[in-house]
Each structure stands twice: as C-alpha cells, then as structure tokens.
Amino acid sequence: MGEIKNTMKEALDTVAGMAGKMSAAATTSADSFVESAAIGDIYERTAAQIAMERASNFEVKAFAAKMLADHTTSTHQLEAGLEMNETRGVAAPPMEPDARRTRMLDHLAQAPEESLDATYLDQQVLAHEETATLMRNYARSGDNPQLVSFAEGTLPVVERHLAAAKDLRARI
C-alpha cells in the first residue's frame, strides 16, 4: 500500500511540474513573474531544508545546501530589483508557497527514508525545468527591463542547478 501511495505522489508531482512549466512559458507580466519566481525560491529553500535534515546521501545533502544558499541569494536579488525605480508598482512577492508547491513539499516531507533522496532530486529536476522556462521566457518577452535583467542573470544559475540535479539523480 505504501509503495502505491508513493507512486501516486510521484505522479502528482510530475503532473504539477508539467502544469508549472506550461504556466511559466506563458508568463510575461512583471507581477506574474515576481510571484512565480518568489514562490519557486520559497519552495526551493523549504525543500532544501527538508533534504538537509532527512537525506541519507552526502551528495544529496550537499546539493540541498547549495540550493538553500543559491535560492536565498536569488530571493535577495529579486527583492533588491523590486526596490528600483523601474519596478515601482510591481506587486510585492508572496511570502508563502502556493497550493501546488505546498503539496510537493508535503510529499517530500512524507517520503519514506529509503526514497527521500530520489523524491527530492526528482522534484528538483521538475522545479528547475519550470524555473528555467520561466526565466528564459521572461528574459525574452518580459514587460519590465529591470526584471528582464534579473531573469537573464538568473537563468545560467538555474540551468547549472538543473544539470547538477539530473546528474546526481542519474548516479543515485
């Protein structure tokens, strides 16, 4: 029964990731971009904390620590960008994850010990694919030059995270 439950949670995470990528591909307004980028960082930091506490593989824990540090930096950079004159009037970033990311975090927190590392890395691949799509699309079609610059600067970091998550997932 537990294995079926975990398989269902993995399927739900995959569907959520696909929905997120579709939404990210359509984001061109500053308010939507800020909301998506901020929620992505909130998810990343929280997921990293769970993995740092519960992962069994040292490399997974190290990857999680890197995600926590880099997504904390990303949050600070986004907040700094929102203090510029060019972003006056853009909505403030949310402080909590949305329902979709909350479910993913719940699935991660409830993952059995023997599958936590894989669950974390599977979610990381999905989350970074979504964020890369968001950054790439906004850099190309966004409506706010300050936030376009943020997206352009953040995209290479997100792409490195995605490659590292895929590589680590293939090895464990």
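Structure: see above.
Novice: Describe the nonpolar core, and please don't skip the residues or the numbers.
Specialist: Inside soluble globular proteins, nonpolar side chains tend to come together where they are buried. Within the largest apolar cluster, 23 residues are counted, with the highest numbers of intra-cluster contacts made by Phe 63 and Tyr 120. Of all elements in the fold, only helix 2 (30-54), helix 3 (58-81), helix 4 (99-110), helix 5 (113-141) and helix 6 (145-171) reach the threshold of two or more residues within this core. In this structure Phe 63 touches Tyr 120, Leu 121, Gln 124, His 161, Ala 164, Ala 165 and Leu 168, once residues within four positions along its chain are discounted. Ranked by size, the runner-up nonpolar core spans 19 residues in total, among them Phe 33, Val 90, Leu 134 and Leu 147.

Novice: Mind laying out the pattern of salt bridges, listing which residues take part and the relevant values?
Specialist: Applying the stated rule across the entire model yields 9 salt bridges. For Asp 98, the salt bridge is made with Arg 101, and the minimal N-O distance between the two is 2.7 Å. In this structure, Glu 159 engages Arg 136 in a salt bridge whose closest nitrogen and oxygen atoms are separated by 3.0 Å. Residue Glu 159 is located in helix 6, and its partner Arg 136 is located in helix 5; the two are separated by 23 residues in the primary sequence. One continuous salt-bridge network, built from bridges that share partners, spans Asp 98, Arg 100, Arg 101 and Glu 130.

Novice: So what's going on with the environment of Leu 78? Residues and values would help.
Specialist: Its place among the elements puts Leu 78 in helix 3. For the pair Leu 78 and Val 34, spaced 44 residues apart in sequence, the C-alpha to C-alpha distance is 7.8 Å. Ignoring sequence-local partners within four residues, the contact set of Leu 78 consists of Val 34, Ala 37, Ala 38, Leu 147 and Phe 150.

Novice: So, the packing of helix 5 against helix 6: which residues are in play, and what are the values?
Specialist: Orientation of helix 5 relative to helix 6, taken along the N-to-C sense of each, is 155 degrees, at an axis distance of 8 Å. In terms of orientation, helix 5 and helix 6 fall into the roughly antiparallel class. In terms of crossing hand, the pair formed by helix 5 and helix 6 is left-handed. Of the residues belonging to the contact of helix 5 with helix 6, the class tally is 16 nonpolar, 5 polar and 7 charged.

Novice: Mind laying out helix 6, listing which residues take part and the relevant values?
Specialist: The terminal C-alpha atoms of helix 6 lie 40 Å apart, and with 27 residues this matches the ideal 39 Å at 1.5 Å per residue to within 8%. The largest bend in helix 6 comes to about 30 degrees, at Thr 154, with the proline Pro 156 one to four residues further on. Of all the positions in helix 6, only Leu 147, Val 148, Phe 150, Ala 151, Thr 154, Leu 155, Val 158, His 161, Leu 162, Ala 165 and Leu 168 are classed as buried. Elements that come into contact with the buried residues of helix 6 comprise helix 2, helix 3 and helix 5. For helix 6, the N-terminal capping position is held by Asn 144, with its side-chain oxygen 3.0 Å away from the main-chain nitrogen of Gln 146.

Novice: Any chance you could break down the packing of helix 2 against helix 6 for me, citing the residues and the numbers?
Specialist: For any two helices packed against each other, one specifies the crossing angle of their axes together with the interaxial distance. The interhelical angle for the contact between helix 2 and helix 6, taken along N-to-C directions, is 35 degrees, at an axis separation of 10 Å. Note on packing geometry: the crossing formed by helix 2 with helix 6 is left-handed. Note on element contacts: helix 6 touches helix 2 through Leu 147, Phe 150 and Ala 151, opposite Ala 30, Phe 33 and Val 34. A breakdown of the residues in the contact of helix 2 with helix 6 according to their chemical character gives 6 nonpolar, no polar and no charged.

Criteria and cut-off values
Residues numbered from 1 in each chain as written. Predicted model: local features only at pLDDT ≥ 70, side-chain atom pairs only at ≥ 80, totals over all residues. Heavy atoms only, no water. Core = buried A, V, L, I, M, F, W, Y, C linked by side-chain atoms within 4.5 Å. Buried < 20%, exposed > 50% of the residue type's maximum accessible area, 1.4 Å probe, protein only. Helix = DSSP H or I, 4+ residues; strand = E, 2+ residues; numbered from the N terminus. Contact = heavy atoms within 4.5 Å. Salt bridge = Lys/Arg side-chain N within 4 Å of Asp/Glu carboxyl O. Axes fitted to C-alpha atoms, helices over the stretch in contact; angles between N-to-C directions. Parallel < 35°, antiparallel > 145°, perpendicular 65-115°, else oblique. Left-handed = near helix turned anticlockwise from the far one by under 90°. Nonpolar A, V, L, I, M, F, W, Y, C, P; charged D, E, K, R; others polar. Expected span 1.5 Å × (residues − 1). Bend = angle between axes of the 7 residues up to and from the residue. Polar contact = N/O pair within 3.5 Å; in protein donor to acceptor, adjacent residues only side chain to side chain.

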